[in-house]
Amino acid sequence: MQASRARLFKEYKEVQREKVADPDIQLVCDDSNIFKWTALIKGPSETPFEGGIFQLAFAVPEQYPLQPPQVRFLTKIFHPNVHFKTGEICLDILKNAWSPAWTLQSVCRAIIALMAHPEPDSPLNCDSGNLLRAGDIKGYHSMARMYTRLAAMPKKG
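Please read these numbers as outputs of a predicted model, since none were measured by experiment.

A.B. asks: Can you walk me through the pairing of strand 2 (residues 36-42) in this structure?
C.D. replies: Every regular strand shows the same layout, with side chains that alternate between the two sheet faces. Side chains Trp37, Ala39 and Ile41 of strand 2 all project onto a buried face; the interleaved residues Lys36, Thr38, Leu40 and Lys42 project onto a face where none is buried. Pairing of strand 1 (residues 25-29) with strand 2, which is carried by five bridges, proceeds in the antiparallel orientation. Across the sheet, residue Ile25 finds its bridge partner in strand 2, namely Ile41. Hairpin connection of strand 1 to strand 2: six residues between the antiparallel strands. Judged from the seven bridges that link them, strand 2 and strand 3 (residues 53-59) form a sheet pairing that is antiparallel. Bridging from a neighbouring strand, Lys42 pairs with Ile53 of strand 3.

In structure tokens:
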């Protein structure tokens, strides 16, 4: 557990330095628990998620970095690789392709890449996956854009 704390403190320091370098990701450690983090990520440009800000929750295991963090969307998102109700993410690096070389910041980058390039053949959201597999790109984009507007965009006052 001491090694995982040291690694997380190192990542925390790197995140503080990189705040300006990576404006698409804002990673924050819980004040009272180094194993709990949240992130705000910007929806990738030229996708239905563009303009949205999506919140992620990280639960980091004590065996980190030998085991991957558990990451889920707190913001509702219409995406084939994200469970609509729980926010669970189907991404190989969070499961069987994990490597201790990954950091929480690089996991955020991988999730942004997944947002831009969905994998409809392994869906957690079957409705979204079915639209893409049927070739209904316009329908998928329309639904994803609607949920982005409803859940991930600041309300105009």
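A.B. asks: Explanation requested: the packing of helix 1 (residues 2-18) against helix 2 (residues 104-116) in the structure shown.
C.D. replies: The geometry of a pair of packed helices is captured by two quantities: the angle between their axes and the separation between those axes. The interhelical angle for the contact between helix 1 and helix 2, taken along N-to-C directions, is 60 degrees, at an axis separation of 9 Å. Relative to helix 2, the element helix 1 is oriented oblique. Taking contact as the criterion, the partners of Leu8, Glu11, Val15 and Glu18 in helix 1 are, on helix 2, Leu104, Gln105 and Arg109.

A.B. asks: Just to check I follow, could you spell out helix 4 (residues 137-151) for this structure?
C.D. replies: What sets the pattern is the α-helix's 3.6 residues per turn: residues three or four places apart point alike. Here helix 4 contains 15 residues, and its C-alpha end-to-end distance of 21 Å stays within 8% of the 21 Å for a straight helix at 1.5 Å per residue. Here helix 4 has its buried residues at Gly139, Tyr140, Ala144 and Thr148. The arc that holds the buried residues of helix 4, viewed along the axis, is 165 degrees, so those residues lie on one side. Those residues of helix 4 that are exposed and angled more than 90 degrees off the buried face are Lys138, Arg149 and Leu150.

A.B. asks: When you look at the pattern of salt bridges in this model, what are you seeing that I'm missing?
C.D. replies: Pairs can form between side chains of opposite charge whenever their charged atoms are close. Counted according to the given criterion, the structure contains two salt bridges. Linking Glu11 and Arg7 is a salt bridge whose minimum nitrogen-to-oxygen distance equals 2.8 Å. In this pair, Glu11 and Arg7 are both assigned in helix 1, four residues apart and thus about one turn of the helix distant. Of the charged contacts in the structure, one is a salt bridge between Asp22 and Arg109, with a shortest N-O distance of 3.1 Å. Here the residue Asp22 occupies a position in the loop between helix 1 and strand 1, and Arg109 occupies one in helix 2, the gap between them amounting to 87 residues.

Parameters at a glance
Residues numbered from 1 in each chain as written. Predicted model: local features only at pLDDT ≥ 70, side-chain atom pairs only at ≥ 80, totals over all residues. Heavy atoms only, no water. Buried < 20%, exposed > 50% of the residue type's maximum accessible area, 1.4 Å probe, protein only. Helix = DSSP H or I, 4+ residues; strand = E, 2+ residues; numbered from the N terminus. Pairing = 2+ DSSP bridges. Axes fitted to C-alpha atoms, helices over the stretch in contact; angles between N-to-C directions. Parallel < 35°, antiparallel > 145°, perpendicular 65-115°, else oblique. Contact = heavy atoms within 4.5 Å. Expected span 1.5 Å × (residues − 1). Arc of directions from axis to C-beta. Salt bridge = Lys/Arg side-chain N within 4 Å of Asp/Glu carboxyl O.

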